[in-house]
Amino acid sequence: MYIVIALVARIQRFYRSRKCFTGKPTSFSLRGSLAIQSVGRMYLARKKYLRIRERMHQAQIIKSMIAATRIQSAIRSWICRRDLLRRKEQALEIDENRKAISATKIQAMARSLVCQKELSRRRVVASQFE
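As a starting point, this report considers the structure included with it.

**As for the overall build of the protein chain**
Reasoning step 1: Each helix and strand in the protein chain was counted, giving two helices and zero strands.
Reasoning step 2: Total accessible area computed for the protein chain in this model is approximately 12,100 Å², and 63% of it derives from carbon and sulfur atoms.

**Some details on a nonpolar patch on the surface**
Reasoning step 1: On the surface, a cluster of nonpolar side chains totalling about 390 Å² of accessible area is made up of Ile-71, Ile-75, Trp-78 and Ile-79.
Reasoning step 2: With respect to the helices and strands, Ile-71 occurs in helix α2 (residues 26–129).

**Re the pattern of salt bridges**
Reasoning step 1: Inspection of every chain in the model, using the stated rule, returns four salt bridges.
Reasoning step 2: Put simply, Glu-118 and Arg-121 hold a salt bridge, and the shortest N to O gap is 2.5 Å. Residue Glu-118 and its partner Arg-121 are located together in helix α2, separated by three residues, close to a single helical turn.
Reasoning step 3: Overall, the relative accessible area of 29% leaves Glu-118 in the partly exposed class.

**Observations concerning a positive patch on the surface**
Reasoning step 1: A surface patch of like charges, here positive, comprises Lys-47, Lys-48, Arg-51 and Arg-55.
Reasoning step 2: The topology assignment puts Lys-48 in helix α2.

Each value, and the rule that gives it
- Residues numbered from 1 in each chain as written.
- Predicted model: local features only at pLDDT ≥ 70, side-chain atom pairs only at ≥ 80, totals over all residues.
- Heavy atoms only, no water.
- Helix = DSSP H or I, 4+ residues; strand = E, 2+ residues; numbered from the N terminus.
- Areas by Shrake-Rupley, 256 points an atom, 1.4 Å probe, with all protein chains shown as cover.
- Patch = residues over 30% accessible without salt bridge, like charges linked within 9 Å, V, L, I, M, F, W, Y side chains within 5 Å.
- Salt bridge = Lys/Arg side-chain N within 4 Å of Asp/Glu carboxyl O.
- Buried < 20%, exposed > 50% of the residue type's maximum accessible area, 1.4 Å probe, protein only.
- Lys, Arg positive; Asp, Glu negative; His and termini not counted.
- Charge placed at Lys NZ, Arg CZ, Asp CG, Glu CD.

Written out as structure tokens, the structure reads:
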């Protein structure tokens, strides 16, 4: 930015010095220096505008990245909660199956004891008749 101002000042000095050597009217050099100043101001304003526009563009990209990260985080969280719920349901199902198997084994043992007692009783009765 300072380089541009220095260049504009150098060009203006050149035109002013030409005026002094040539003796041309001031209005010509004034018009020239005004044109140079105008071009210089236009260049600086455009440079500032482009810099601001680039910053805004970068800010928009950052906002988009943050939004994408939040969406990804929400989806990952939902997937983890869904998997945890499935695992809990599977654990409950396994526990219920174990309980059912345990109950079946207890029932089988009880029936076995009853059958053994009945068989023992029948053997005693059968041995009495022999």
